[in-house]
Amino acid sequence: MASSTGYITASSCEDIIKDQYWLTSTYILFAMPYFVYEIYAMVMSYWYKQRVKDHKADSGFLIVLQHVVMVTVCFLISVFWRQGKGDYFQGVMLRAELSTPSVCLGKILNHYKQQHTPLDKHKAIMAY
């Protein structure tokens, strides 16, 4: 959804600095509660993993930090500081989410020790 929003926004802007597109701010306001929920889910997952005996849980500190920065810094910049300018760049940044399925597939293949399968080669092609 984010990459579709990014594509629509970026392709709708002729002036990369001054053009505004309604979907940009709307999507940002739509996505922020999801990031807050993900932070909560990651913290709860970590907490439950710590309760299981003999289970060393990876805190996923960098992923949590990325979500906290998205909610606190990027949200404030996107909604207030930029003052409606640069919707094109917002769209280009949202298009980066297109690689997320490939990254997730890579994590799953690594977990199940399937890095050298045809599916892994397909994942590499999808990333480009």
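Rules used throughout
Residues numbered from 1 in each chain as written. Predicted model: local features only at pLDDT ≥ 70, side-chain atom pairs only at ≥ 80, totals over all residues. Heavy atoms only, no water. Helix = DSSP H or I, 4+ residues; strand = E, 2+ residues; numbered from the N terminus. Polar contact = N/O pair within 3.5 Å; in protein donor to acceptor, adjacent residues only side chain to side chain. Buried < 20%, exposed > 50% of the residue type's maximum accessible area, 1.4 Å probe, protein only. Expected span 1.5 Å × (residues − 1). Arc of directions from axis to C-beta.

Q: I'm lost on the side chain of R82 in this one. Help?
A: Relative to the elements of secondary structure, R82 occurs in the loop between α3 (61-81) and α4 (87-95). In terms of polar contacts, R82 uses its side chain to reach the backbone carbonyl oxygen of K85, at 2.8 Å. Polar contacts involving the side chain of R82 include one to the side chain of D87, which spans 2.5 Å.

Q: Teacher, can you tell me more about the environment of Y37 here?
A: Relative to the helices and strands, Y37 resides in helix α2 (residues 22-51). Judged by relative accessible area, which is 51%, Y37 ranks as exposed. Between the alpha carbons of Y37 and H67 there is a distance of 9.9 Å; along the sequence they are 30 residues apart.

Q: Quick question: what am I supposed to make of helix α5 (residues 100-111) here?
A: What sets the pattern is the α-helix's 3.6 residues per turn: residues three or four places apart point alike. Taking 1.5 Å per residue as the helical rise, α5 with its 12 residues ought to reach 16 Å, and the 17 Å between its terminal C-alpha atoms agrees with that figure. Within the sequence span of α5, burial applies to S102, L105, G106 and L109. In a view along the axis of α5, the buried residues occupy a sector of 105°, so they form one face of it. Away from its buried face by more than 90 degrees, α5 exposes V103, K107 and H111. Of the residues trailing α5, K113 is marked for its positive phi of about 55°.

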